[in-house]
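Architecture at a glance
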Amino acid sequence: MTEIYKIDPLKDQRWPEFLQSHPHGSIFHTPSWLEALRRTYGYQPIAFTTSAPAQELSEALLFCCIDSPFTGRRLVSLPFSDHCEPLTNSAESLAIFLRFLEQNLKREKWRYVEIRPLISRGNRVADFEQNQTSFVHIVDLTRTHEEIFRSFHKDSIQRKIRRAEREGLAYEEGRSEQFLDQFYQLLLRTRRRHQLPPQPRQWFRNLIGCLGDHLKIRVASRDGKPMASILTLEFKKVMVYKYGCSDAQYHNLGPMHLLFWKTIQESASKGLTSLDLGRSDADNGGLVEFKDRWGGTRSTLDYLRYPATIVKTDTHESWRVKAAKQLFHHLPDGFLEVAGKLLYRHVG
């Protein structure tokens, strides 16, 4: 029987080198990302491996333990991360890890265990079943700038980029408190439009502190007025678009399109091979279509959970959600920030 060991990826000195050597190691596996999660939400990272303490790591499955009095205790790979590919070397070894977790579910008092792989494995692996389906878009950056630009949708992307350039929108990037303030004010506007509270400001402050030059806040503005902002992450040869926000009154000027184009140009010039445009909910047709038009490849993200969750059709719940969204839409900024600070650590 294969022995499985539990390690702390924040303390195990083998972990950073393992991520560099494993082809599926991503920004979401890094100690810096995990430390930001721990500092902000109190999530403790755990990795399971078949490598003994004296051996080099050859494969592992990474989780955070979420322990909430409201939403329960569970293992998630990983919270607030678009995907977290299992760092295993075969389908057989992944199945061994998952069976081990199934057997330990009751003893550890986990409500469930969830994995969020980047590579789709269908709607079932071992006894883990599909819980949520979404999409991810990857743009190939190994082409010339001209080839990449020609792959964009002519009307909705190319035309908007040219409009932004004609309008003389300014592009800036950084990680200072000033950039964070500009980003967060736009985030408040965007989350209000979506009738949701913003992520805690401290989450972004911790990301900046932990990730350093692997993170950039990019801002498009005119006459000193921020119009749109995105937050990107870089690891190995991949640029990741993680967060975006904007002032809706300036959408017609194309500030968000300018930010993506600047990011693509910079990333391709540095020799990065791909831009990960992040996860999109399958039912968010507008966002999926927007990302489709950047000339990338759309793939399915299948989140898998054990035990499988029974989806309840609860009319009262839907009314509660609608009422909460209306409340978030009308709350003053300060109260909206407090709501996000209180709620997000229980979601994961």
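What this report covers is the structure whose coordinates are included nearby. (Residues numbered from 1 in each chain as written. Predicted model: local features only at pLDDT ≥ 70, side-chain atom pairs only at ≥ 80, totals over all residues. Heavy atoms only, no water.)

**A word on the pairing of strand 7 (residues 128-140)**
- Here strand 6 (residues 124-125) runs beside strand 7; their pairing, made up of two bridges, is antiparallel. Paired with R124 across the strands is E129, a residue of strand 7.
- Between strand 6 and strand 7, which pair antiparallel in sequence order, lie two residues; one of them, A126, sits at a positive phi of approximately 55°.
- Where strand 7 meets strand 13 (residues 297-306), nine bridges bridge the pair, whose relative direction is antiparallel. Looking at the pairing, S134 lines up with L301 of strand 13.
- In this structure, strand 7 lies alongside strand 12 (residues 274-281), joined through six bridges in antiparallel fashion. Bridge pairing in strand 12 places S134 opposite D281. (Pairing = 2+ DSSP bridges. Helix = DSSP H or I, 4+ residues; strand = E, 2+ residues; numbered from the N terminus.)

**Re helix 7 (residues 201-211)**
- Counting buried positions along helix 7 yields eight of eleven residues, so the element is predominantly enclosed.
- The secondary structure elements touched by the buried residues of helix 7 are helix 2 (31-41), helix 6 (177-193), strand 9 (215-222), strand 10 (225-235), strand 11 (238-246) and helix 11 (333-343).
- Just beyond helix 7, the residue with positive phi is G212, at close to 55°. (Buried < 20%, exposed > 50% of the residue type's maximum accessible area, 1.4 Å probe, protein only. Contact = heavy atoms within 4.5 Å.)

**Regarding the pairing of strand 12**
- Among the eight residues that make up strand 12, six are buried, leaving the element largely enclosed by the rest of the structure.
- Sheet analysis places strand 11 next to strand 12, joined by three bridges and oriented parallel. Of the residues in strand 12, the one forming a bridge with V238 is S274.
- The parallel pair strand 11 and strand 12, bridged by helix 8 (residues 255-269), forms a crossover whose chirality is right-handed. (Right-handed = clockwise from strand over helix to strand, strands pointing away.)

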